[in-house]
Amino acid sequence: MIQTSTATRPAPAEIDRSVQGTVLFCFGSAIFWLLAGCLLHAVAGAKLVMPGFLDGIGFLTYGRVLPAATNAIAFGWASLSAIGVALWLCARLNGAMLRASALIVSAVVAWNAAVLVGVLAILAGSSTGIPGLEMPGGVSVVLLVAYLPIGLWALSTFRTGAPGFVSQWYLVAALLAFPWLYTTANALLVWQGTPGSAMGAIFAWFDSGFFGLWLLPIALAAAYYFLPRAAGRPVFSRGLASLGFWTLVLCAGWMGTSRFQGGPIPAWMVSAGVVAAILLILPAIAVSSNLYLTIGDACERLWMQTPARFLITSAVFFLGWVSLLIIVTLPPVNSIIQFSLVNPGLTQTALHGIASLAFIGVLYALLGVRHPESTITPRSSLVFWLIVTGVGLILCASFFGGFFQGFALSDPIVTFANSITYAAPFRWVELAGHLCLLAAAAGLARDFAEQLLVSSPAQAPKPAAAQRPEVAAV
Amino acid sequence: MTDPHTDPIVETAASDTPATGTAPVPQWFWILFVVVGFFGALYLGMNSGGFSSDVFNPDQVSWAGGGGAAAGPVDPKVAGKRIFTKNCVVCHQSSGEGVAGQFPPLVGSEWVVGGDWHGDNHLVRVLLHGLQGPVQVKGDTFNNAMVPWKDVLSDEQIAAVLTYIRSEWGNNAAPIPADYVAKVRAETADRGEPWTQAALKAIGKELVSEAVANPAPEAEGDGPAGESVPPEPADSQPSAPPTEA
Amino acid sequence: MTKLIAGLVVAVGSSWAAMVAYPFAKLATLQPEVSEETGGLLPPPLPGNAIAGQRVYAANGCVHCHSQQVRPAPFATDIARDLGTRQTVARDYLRYDPAFLGLVRTGPDLSNVGVRHQEAAWFFRHLYEPEQVTPGSIMPSFRYLFEEREIQGQRSALAVDVQGPHAPKPGYEIVPKQDAIELVAYLMSLKRDYPLTEAPPPPPAE
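In this text the structure is predicted, and so the values were computed from the model without any measurement. Each chain carries its own residue numbering, running from 1 in the written order of its sequence. For this description, chains carry letters from A and ligands carry numbers from 1, given in the order in which they are written. Local features in this predicted model are restricted to residues of pLDDT 70 or higher, and side-chain atom pairs are both shown and tallied only at a pLDDT of 80 or more, whereas totals for entire chains, interfaces and linings draw on every residue. Each side-chain value is worked out from all heavy atoms of the structure, with water and hydrogens disregarded.

## A few points about the overall build of chain B
Line of reasoning, step 1. Counting its regular elements, chain B contains 10 helices and 2 strands.
Line of reasoning, step 2. Helix and strand assignments follow DSSP, with helices taken as H or I runs no shorter than four residues and strands as E runs no shorter than two, numbered in order from the N terminus. Reading chain B from its N terminus to its C terminus gives the helix and strand order α-α-α-α-α-β-β-α-α-α-α-α.
Line of reasoning, step 3. The buried share of chain B, taken over its 245 residues, is 42%.
Line of reasoning, step 4. Residue pairs in contact within chain B that sit at least 24 positions apart in sequence constitute 67% of those at least 6 positions apart.
Line of reasoning, step 5. Each accessible area value is a Shrake-Rupley result obtained with a 1.4 Å probe; residue values ignore everything except the protein chains displayed when judging cover. Of the roughly 12,300 Å² of accessible surface on chain B, a fraction of 60% belongs to carbon and sulfur atoms. Accessible area is worked out with a 1.4 Å probe on protein chains only. A residue is then buried under 20% of its type maximum, exposed over 50%, and partly exposed in between. We call two residues contacting when some pair of their heavy atoms lies within 4.5 Å.

Right, here's the structure in full:
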C-alpha cells in the first residue's frame, strides 16, 4: 500500500494524484455539513431573539436545533475536513501513495451517513442530552468503525521511520487521540450511562480533548507544514516546537474541568483544570512565536497567498483564544461569566477561528494544486473575511453580552428576566455573526464547486511547470 | 528541486517536507515556563481541597473541620458517628437495636462491649473481614452476613466507628485505638474470607488494655495512626476493661 | 515513533486517569446517606415517572439553557439568589443518569425548581405557554408535548388552564401527553433541600 523506502519516494505530484480524489470527497461532504450546521445554528440564534420564530414545533425547538447544529459542525464539517487534511498531510510527509482509496472513500461515505442519521435523530427527539455527544449510540459505533480504516491507513504511513517533522507529531497525536476520546466518552456516557456528576468530568475531558487533541493538532500540523514552505524557510526552532507540542497534549485533556468551578466535581479536579487552562499559554506562545520567527518578514508576501493567509490567521486566533480563555478561567472572573454567553462564544471562536480557517486554508492549497493560482482571489478573500467577521462578531457579542449578562446573573438584586434583557441586543449581534458564517459556507461551497467543475474538462492534470505563472514567489 | 509538479506553495528544499531549524528555545520562554508552572502549582496546592473526592468547595478546608476550624485531632466519636450513619445504619439501625431476627443489635451486645469469650480482637476482626453463618447475640440466633470493611475503611475510621458504638446507647467500653486495629489487620492480613462464630471462638480473648499494656512486638500502626485518634483519656471513663457477663 | 506514542500515552493518559477513571471510581459509586433525622435515604429515590422524564429532558435539549448546579457562597452569589440553600455536591446527582449539570443559564438554574414550585399545574402551564407565566421569558413553548382533545364529561384534572393565544376551542381542553407528565415529574424531583455531610449549609450571614 505504501512505498516505504525514501529512495523510491514518489514525487509529490504522484502522491497528490493518489489522495486528492479522496481528500476532495472529504472536503466536499464536509462543506455540505458546514452549510447545514451554520444554517441550523442561525435558526437557533434567531429563536433566541425571536422566541415566536418557528415556535411550538417539536423537531425545530431550540433545544434540538442547537445540538443538531453543533453536531453537524463538529462531526460533519470539522472532523471530516480534519480527516481530509490528515490524509493529505500524512501522504505528503511520509511519501505514501493512497492505493486503497475505495476503502477510505466508503468509510467516509459511512461517516457521512452516520452523521446524517445522528443529526436527524437529534431533531426527531432521540438526543442523549449530553452536550457534544447528542447523537445516539448506534451512530457513534458507525463513526468509530468508519474511522478505523482512515486512522489505520494514516498511521501506517508513518512506518517509514521516526517522525522527524513537527507536523508529523501533531498528526500522530490527533489520529490516536480521536478514537481514545470518542470511545471513552461513548462507552461511559452514551452506550452505557454513568450516573451522577462523574458524567460532568468525563464529558469535560472529552469536550476539551475533542478540540485540543483532535481538531487543534491537525490545524497546527497544517500550519507547521505550509507556512515554512510558503515562506521558504525552515521552522525556526525544533526545541520550541517540541515544547509547544508536549505542553499542548498534556494540558488539552486536563483543562476541561475548569468549566465546573463551584460545581459538584471534587475541588482538586476543578483546580487542576484551571491550572491546565492557564498553562495553555505555553503552547499558544510557543507555536505562535515559532511560526512568527519562521515567517519573519515574509509575512506581507504570505498574506497575499490564500492558504497562508488562512493559516496565519488561524494561528493568531489560537493565541487570542487561549488568552481570552485564560482571562475568563481566572476564578474571580469565572464566577461572574461562568453560565453566560462567554463560553459558547469562545467555543465558536476556537472551532471556526482556529480549526475552520486552517482547514479551509489547506483546502485552497489542495485546489491550488489543480489550479496554480495561489494568490488570494476575490472569492477566497470573501470567504476569509466573512469567517473573520463572523467569528469577530460572535466573539464581541459573547464577551460584551456575556459580561453584562454575567453581572446581572451574579447580582442578587437583579431579577433573572433582566439578565435576559441585558443579553438580548448582543444575541442579535451573535445572530449576525452566524449569518456571516453561513454566507462564508455558501461562498466556500460555490468556490469549491466551480473550481472542481472548471477543472473537470482539463482532467488528468499533468501540471506543467512551464505554464505555471510564478505568482506565489513574487 | 526539479520537481515538474510545482504546487502553489514554494518548495523550500529538495524534499517537500520543510526543514527544521535548531535555534535554541528563547530564554524568555523558559522564564515564562517556570513562572507559569510555579504559580500553577501554587494555585493547585492552595485550592486542592486536600485532594479529597468529597471536598467540592476549595475554600472549605475539610468537611470535618467545618469552615476553617482549628485542625485539631478529630474526636473519634464524632467521626465514628458519621461513619456509622453512612455505612452501618442500614442494618444495625441508628438506634443500634438491629432488626429482630435479621440483624443483631449492638446495644449491650457481648460482641461489642466484650463477653465471656468475646474480646476486642474478635470485634476488630469482624469489622475487618466480615462475619457469616449463625451467630448468637444476647441469646438470640441470627443467620446473616456482614460484609468486610478492610478495603473500605482505614484503621482510623474502623477505630473511630468502634469507639463510637462502644460508647453510645448506654454501651460503656474502652475506646479502640487505631494502632490496635492496625495490629489486628497485620495479624490477619492473610484472611480472605469472612469469619464464622466458631472460627473466632477458637482465638483467645484479647483486650485493648492488655494489648496497650504490653505493646505488640511489631509496632505496625505507629506514626499518624496513633496521632489522629488518641486513646481519649478525656472520655471520663478511664479504660476499664468491661468484663460484665 | 515508539517514543512519541509512549509520550502521548503518558500525557493524555494522565488526564484520562484523573478526569475519567478517578471520577468513575469515586463519584459514580457514591451511595445515598441515611438521614439522621428521618432515617430515610438522602438523596431520596426518584419516582418512576421522574426517571423516565430524564429522557424527555434530554430529547428536548433543556440542558442547553438550564444548568443544575448551585455554586458555594464565597465564590458565587447563587445562594444569595435563592437558587438553593447550599452548594450542590456529587452525591446530589447519584440518582440521575445523565446528570444535566449544564453550562449556560439562558434560563434559570433548575437544581431546586421542585422546591420553588410544588404544583404540577404550574409546570404544565409554563411548558405550554412560558411567556404567559413568566413575562419576558424567551423559553420556547413545548405545545407539542400536549394535545387538544374534546372534553368528555368532566374536564381532565390535568387540563392546562390556558390563558394566552393558544387556548383550546370551546368544548376542548389541553392535556399533557405522557412525555410532558414524565418531564414534569422529573422537574418536580429536582430538590436539593436536604443536608449532606459533605455539604453543610452555609453559616448564617455575618
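Read on, since the account is not over.
## Digging into the overall build of chain C
Line of reasoning, step 1. For chain C, the count of helices and strands is 6 helices and 4 strands.
Line of reasoning, step 2. Helices (α) and strands (β) of chain C occur, in sequence order from the N terminus, as α-β-β-α-α-α-α-β-β-α.
Line of reasoning, step 3. The globule rule puts the C-alpha radius of gyration for 206 residues at 17 Å, and the 21 Å found for chain C is more than 25% above it.
Line of reasoning, step 4. Counting all 206 residues of chain C, 55% fall into the buried class.
Line of reasoning, step 5. Here the contacts in chain C between residues at least 6 apart in sequence split such that 70% fall between residues at least 24 apart. As a reference, a globule follows 2.2 Å times the number of residues to the power 0.38, and the radius of gyration itself is taken over C-alpha atoms.

## Side note on the interface of chain B and chain A
Line of reasoning, step 1. Across the contact, 40 residues belong to chain B and 53 residues belong to chain A.
Line of reasoning, step 2. Buried surface area refers to the total accessible area, computed with a probe of radius 1.4 Å, that the two partners give up upon joining, counted for both partners together. Both faces combined, the contact of chain B with chain A buries some 3,900 Å², and carbon together with sulfur accounts for 70% of it.
Line of reasoning, step 3. Take a side-chain nitrogen of Lys or Arg and a carboxyl oxygen of Asp or Glu: if they are within 4 Å of each other, that pair is a salt bridge. At the junction of chain B and chain A, the tally comes to 0 salt bridges.
Line of reasoning, step 4. Counted as a polar contact is a pair of N or O atoms within 3.5 Å, where, for protein atoms, one must be capable of donating a hydrogen and the other of accepting one, and residues adjacent in sequence contribute only when both atoms are in side chains. Across the chain B-chain A interface, the total number found is 7 residue pairs in polar contact (both at pLDDT 80 or more).

## A closer look at empty space enclosed by the protein
Residue and element names in this part refer to chain A.
Line of reasoning, step 1. Think of a 1 Å grid over just the protein atoms. A cavity is a set of points where a 1.4 Å probe fits yet cannot get out, a pocket is an open set with protein on both sides within 12 Å along at least five of seven lines, and lining residues have an atom within 4 Å of a point. Grid points are joined across faces, edges and corners, and a volume is the space filled by probe spheres set on the points. Applying the stated rule across the entire model yields 5 cavities of 30 Å³ or more.
Line of reasoning, step 2. Reported here for the second largest cavity is a volume of approximately 50 Å³.
Line of reasoning, step 3. Looking at the second largest cavity, the residues that line it are L34, C38, H352, S356, I360, I387, L437, A440 and A441.
Line of reasoning, step 4. Of all elements in the fold, only helix 1 (12–49), helix 13 (342–370) and helix 15 (416–455) reach the threshold of two or more residues within the lining of the second largest cavity.
Line of reasoning, step 5. In the scheme used here, Gly and all other residues not listed as nonpolar or charged are polar, with Ala, Val, Leu, Ile, Met, Phe, Trp, Tyr, Cys and Pro taken as nonpolar and Asp, Glu, Lys and Arg as charged. Across the lining of the second largest cavity, the residue classes break down as 7 nonpolar, 2 polar and no charged.

## Structural notes on the layout of surface pockets
All names here are of chain C.
Line of reasoning, step 1. Estimates place the volume of the second largest pocket at around 890 Å³.
Line of reasoning, step 2. Lining the second largest pocket are 43 residues, with H66, G107, P108, L110 and H126 sitting closest to its centre.
Line of reasoning, step 3. Ranked by residues supplied to the lining of the second largest pocket, first place goes to helix 4 (residues 120–128) with 4 residues.
Line of reasoning, step 4. Residue composition of the lining of the second largest pocket, grouped by class: 24 nonpolar, 12 polar and 7 charged.

## Here we look at a nonpolar patch on the surface
Residues and elements named next belong to chain A.
Line of reasoning, step 1. Patch membership needs two things, relative accessible area over 30% and no salt bridge, and members are linked within 9 Å if like-charged or within 5 Å if nonpolar (Val, Leu, Ile, Met, Phe, Trp, Tyr). Residues M50, F53, L54, I57, F59 and W428 make up a contiguous nonpolar surface patch of roughly 520 Å² in combined accessible area.
Line of reasoning, step 2. If you trace the backbone, F53 turns up in the loop between helix 1 and helix 2 (62–94).
Line of reasoning, step 3. You can call F53 partly exposed: its relative accessible area is 32%.

## A short note on the environment of F260(A)
Line of reasoning, step 1. Looking at where F260(A) falls in the secondary structure, it is placed in the loop between helix 7 (238–254) and helix 8 (267–279).
Line of reasoning, step 2. Residue F260(A) is classed as buried on the basis of its relative accessible area of 1%.
Line of reasoning, step 3. Along the sequence, F260(A) and V270(A) sit 10 residues apart, while their C-alpha atoms lie 6.3 Å from each other.
Line of reasoning, step 4. Excluding anything up to four places from it in sequence, F260(A) contacts G200(A), A201(A), F203(A), A204(A), I265(A), V270(A), Q338(A), Q69(C), L101(C) and L103(C).

## Concerning the pattern of salt bridges
Line of reasoning, step 1. The final tally for this structure, using the stated rule, is 24 salt bridges over all chains.
Line of reasoning, step 2. Residues R379(A) and D447(A) are paired through a salt bridge, measuring 3.8 Å at the closest nitrogen-oxygen approach. Placement of the pair is R379(A) in helix 14 (residues 378–410) and D447(A) in helix 15, with a sequence separation of 68 residues.
Line of reasoning, step 3. Under the relative-accessibility criterion, R379(A) is labelled partly exposed at 27%.
Line of reasoning, step 4. With a relative accessible area of 5%, D447(A) lands in the buried category.
Line of reasoning, step 5. In this structure, D151(B) engages K150(B) in a salt bridge whose closest nitrogen and oxygen atoms are separated by 3.8 Å.
Line of reasoning, step 6. A relative accessible area of 25% means that K150(B) is categorised as partly exposed.

## Here's the deal with the environment of A159(C)
Residues and elements named next belong to chain C.
Line of reasoning, step 1. Considering the arrangement of structural elements, one finds A159 in the loop between strand 3 (146–150) and strand 4 (172–176).
Line of reasoning, step 2. Sequence separation between A159 and A50 is 109 residues, and the spatial gap between their C-alpha atoms is 20 Å.
Line of reasoning, step 3. Excluding its chain neighbours within four sequence positions, the residues that come into contact with A159 are E173, I174 and V175.

## Section: helix 1 of chain A
Line of reasoning, step 1. What the bend at a residue measures is the angle between two axes, fitted to the seven residues ending there and to the seven starting there. The sharpest bend along helix 1 of chain A reaches about 45° and sits at Q20(A).
Line of reasoning, step 2. Burial of helix 1 of chain A is extensive: 30 of the 38 residues sit out of reach of the surface.

## Quick look at the interface of chain A and chain C
Line of reasoning, step 1. Contacts between the two partners involve 78 residues from chain A, matched on the other side by 63 residues from chain C.
Line of reasoning, step 2. Carbon and sulfur atoms supply 70% of the area that chain A and chain C bury against each other, a total of about 6,000 Å² over both sides.
Line of reasoning, step 3. The interface formed by chain A and chain C contains 1 salt bridge.
Line of reasoning, step 4. D55(A) serves as the salt-bridge partner of R143(C), at 4.0 Å between the closest nitrogen and oxygen.
Line of reasoning, step 5. At the boundary of chain A with chain C, the tally comes to 21 residue pairs in polar contact (both at pLDDT 80 or more).
Line of reasoning, step 6. Those elements giving two or more residues to the side of chain A that touches chain C turn out to be helix 2, helix 5 (166–190), helix 6 (198–231), helix 7, helix 8, helix 12 (331–337), helix 14 and helix 15 of chain A.
Line of reasoning, step 7. In terms of residues, the side of chain A that touches chain C owes the most to one element, helix 6 of chain A, which gives 8 residues.
Line of reasoning, step 8. Split by residue class, the side of chain A that touches chain C holds 46 nonpolar, 26 polar and 6 charged.

## Re the pairing of strand 4 of chain C
Residue and element names in this part refer to chain C.
Line of reasoning, step 1. In terms of burial, strand 4 is a largely internal element, 4 of the 5 residues being buried.
Line of reasoning, step 2. DSSP-based pairing: two strands are paired if at least 2 bridges between them are found. Across 5 bridges, strand 3 lies against strand 4 in antiparallel orientation. When the sheet's bridge partners are listed, E147 is paired in strand 4 with V175.

## Digging into the confidence of the model for chain C
Where the model shows low pLDDT, its predicted coordinates should not be examined in detail.
All names here are of chain C.
Line of reasoning, step 1. Put simply, chain C has an average pLDDT of 91, and 97% of its residues get 70 or more.
Line of reasoning, step 2. Between the elements of chain C, mean pLDDT differs from a low of 86, seen in strand 1 (residues 33–34), to a high of 96, seen in helix 6 (residues 178–188).
Line of reasoning, step 3. Of the two predicted TM-score estimates for the complex, the pTM is 0.78 and the ipTM is 0.93. Looking at any residue, its pLDDT shows the predictor's confidence there, from 0 to 100.

## Topic: the packing of helix 3 (residues 101–124) of chain A against helix 4 (residues 137–156) of chain A
Residue and element names in this part refer to chain A.
Line of reasoning, step 1. Comment: axis = line fitted to C-alpha atoms, over the contacting stretch for helices; angle = value between 0 and 180 degrees taken between N-to-C directions. Two elements in contact, helix 3 and helix 4, have axes whose closest approach is 9 Å; the angle formed by their N-to-C orientations is 155°. In terms of orientation, helix 3 lies roughly antiparallel with respect to helix 4. Helix-helix and strand crossings are classified by hand; for helix 3 and helix 4 the assignment is left-handed. Within the contact between the two elements, helix 3 uses L103, I104, A107, V108, A110, W111, A114, V115, V117 and G118 and helix 4 uses V139, V142, L143, A146, Y147, P149, I150 and W153.
Line of reasoning, step 2. Residues belonging to the contact of helix 3 with helix 4 are distributed by class as follows: 17 nonpolar, 1 polar and no charged. Roughly parallel means an angle under 35 degrees; roughly antiparallel, over 145; roughly perpendicular, 65 to 115; everything else is oblique. In this scheme, a crossing is called left-handed if the near helix is turned counterclockwise away from the far one by less than a right angle; it is called right-handed if the turn is clockwise.

## A closer look at the packing of aromatic side chains
Line of reasoning, step 1. A pair of Phe, Tyr and Trp rings is counted when the ring centres sit within 6.5 Å of each other, with Trp represented by its six-membered ring. The angle between the planes then sorts it: under 30 degrees is stacked, over 60 is edge-to-face, the rest tilted. On inspection of all chains with the given rule, the structure shows 42 aromatic pairs over all chains.
Line of reasoning, step 2. For the pair F75(A) and Y182(A), a centre-to-centre distance of 5.3 Å together with 45° between the ring planes defines the contact as tilted. Of this pair, F75(A) sits in helix 2 while Y182(A) is found in helix 5, placing the two residues 107 residues apart along the sequence.
Line of reasoning, step 3. Judged by its relative accessible area of 1%, F75(A) falls in the buried class.
Line of reasoning, step 4. You can call Y182(A) buried: its relative accessible area is 2%.
Line of reasoning, step 5. For K169(C), the ring lying beneath its charged end belongs to Y172(C), and the centroid distance is 4.6 Å. In this scheme, Lys NZ or Arg CZ marks a charge over a ring once it lies within 6 Å of the ring centre and within 35 degrees of the ring normal.

## Description of helix 1 (residues 2–26) of chain C
Line of reasoning, step 1. Of all the bends in helix 1 of chain C, the greatest, near 35°, is centred on A17(C).
Line of reasoning, step 2. Taken residue by residue, helix 1 of chain C has L4(C), G7(C), L8(C), A11(C), V12(C), G13(C), S15(C), A18(C), M19(C), V20(C), Y22(C) and P23(C) as its buried positions.
Line of reasoning, step 3. Of the surrounding elements, those touching the buried residues of helix 1 of chain C are helix 5, helix 6, helix 7 and helix 8 of chain A.

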